[in-house]
Amino acid sequence: MSETAHQDHIEKKAFLVNSSSLKEVRNFCRDVFEKLQIQEDLKDELVLAIAEAAQNIVKHAFKNAASPTELMVVQISCENNKLQIAFYDRGTPVDPKKVKHREIDNVKPGGLGTFFIQEIMDAVEFKDGKKPWINHLVLTKQL
Amino acid sequence: MTYKVEEIDNKRIIHLDGEIDMEVADKARNTILPLIEAGHEVQLNLSKVEYMDSSGISVLIESKKLSEQKNTKFELIEVSKPVEKVLAMARKFL
């Protein structure tokens with residue numbers, strides 16, 4: 001846990017659902033974490049967790065089917081030193097019970113992503129998506 | 001991501017740089033695996049890779065597995081700090 005008091009802040013951005021957006025997602029996160037003055041090592045880990053979650057949306061919620069119109073929204077908020085990252089998408093509904101990391105003999109691209117997210121974040125929670133969204137994932141971390 | 005391949009006898013030293021994510025994982029895979037498939041000893045230099053996620057780790061695992069099948073060598077010779085951190089995290093799982 002950080003001893004630094006981070007300012008309260010909220011920012012969100014929409015991205016097209018495709019693998020080319022992942023770099024933009026990372027850059028958005030880096031910018032926000034820069035504003036929040038999050039320490040470099042933690043920033044790298046948080047960017048990785050967020051990028052893995054965004055990758056899961058592209059890979060699993062949309063089955064890698066790039067769409068010129070479908071969006072995913074990433075919202076980063078910090079309140080009382082608690083960081084919350086929310087993801088919204090309109091892909092295939094996610095069954096939280098089926099979200100688990102792969103066995104090592106079945107490693108494929110993105111297969112370790114869920115493990116990384118769980119390692120880095122304090123909590124990973126799928127909430128009911130409210131219209132127009134279908135999936136609503138929330139990652140939290142106490143700073 | 002860009003790459004350069006050095007040839008020394010049967011050894012191929014692959015230098016990757018930039019960011020290795022889902023978008024470029026296939027490019028990395030298609031650079032490394034054919035060289036292992038052809039029986040070359042492959043060394044990977046990741047000292048200039050600024051970011052790597054689980055897609056990149058998966059390429060490394062696939063490369064290692066293929067090298068074992070082909071009875072040749074695959075090794076990392078240099079890694080950047082960001083790659084080292086991701087590898088350390090992956091080792092907890094592997």
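Preceding this section is the structure that the text describes.
So, here is what we can say about the structure in this document. Keep in mind the model is a prediction, meaning the values are calculated, not measured. (Residues numbered from 1 in each chain as written. Chains lettered and ligands numbered in written order. Predicted model: local features only at pLDDT ≥ 70, side-chain atom pairs only at ≥ 80, totals over all residues.)

1. Topic: the interface of chain A and chain B
Just so we agree on the cut-off: Residues are treated as contacting if the C-beta atoms built from their backbones sit within 7 Å of each other. Note that Gly is not counted as nonpolar here; it falls among the polar residues with everything else outside the nonpolar set of Ala, Val, Leu, Ile, Met, Phe, Trp, Tyr, Cys and Pro and the charged set of Asp, Glu, Lys and Arg.
Listed per partner, the contact involves 21 residues of chain A and 19 residues of chain B. Residues that form the side of chain A that touches chain B fall into these classes: nine nonpolar, seven polar and five charged.

2. Observations regarding helix α2 (residues 54-69) of chain B
Residues that lie three or four places apart on an α-helix share one face, since the helix turns once every 3.6 residues. All names here are of chain B. Keep this limit in mind: Going along the chain from the N terminus, every DSSP run of H or I of four or more residues is numbered as a helix, and every run of E of two or more is numbered as a strand. Expected helix span is computed as 1.5 Å times (number of residues minus one). A residue is called partly exposed when the number of other C-beta atoms within 10 Å of its own lies between 12 and 20, exposed at 12 or fewer, and buried at 20 or more, with C-beta atoms placed from the backbone.
Its 16 residues give α2 an end-to-end C-alpha distance of 22 Å, which sits within 8% of 22 Å, the value for a rise of 1.5 Å per residue. Along α2, the residues that are buried comprise Ser54, Ser55, Gly56, Ile57, Ser58, Val59, Leu60, Glu62, Ser63 and Ser67. With its phi angle positive at about 55°, Asn71 sits one or two positions after the end of α2.

3. Some points on the packing of helix α1 (residues 22-35) of chain A against helix α2 (residues 40-61) of chain A
All names here are of chain A. Rule in force here: To get an axis, a line is fitted to the C-alpha atoms, and for a helix only the part in contact is used. The angle between two axes follows their N-to-C directions and goes from 0 to 180 degrees. By convention, the crossing between two helices is left-handed when the near helix turns anticlockwise from the far helix through less than a right angle, and right-handed when the turn is clockwise.
The interhelical angle for the contact between α1 and α2, taken along N-to-C directions, is 145°, at an axis separation of 9 Å. Note that α1 runs across α2; the crossing there is right-handed. Together, Leu22, Val25, Arg26, Cys29, Arg30 and Phe33 of α1 and Lys43, Leu46, Val47, Ile50, Ala51, Ala54 and Gln55 of α2 make up the contact between the two elements. Considering only residue class, the contact of α1 with α2 consists of nine nonpolar, one polar and three charged.

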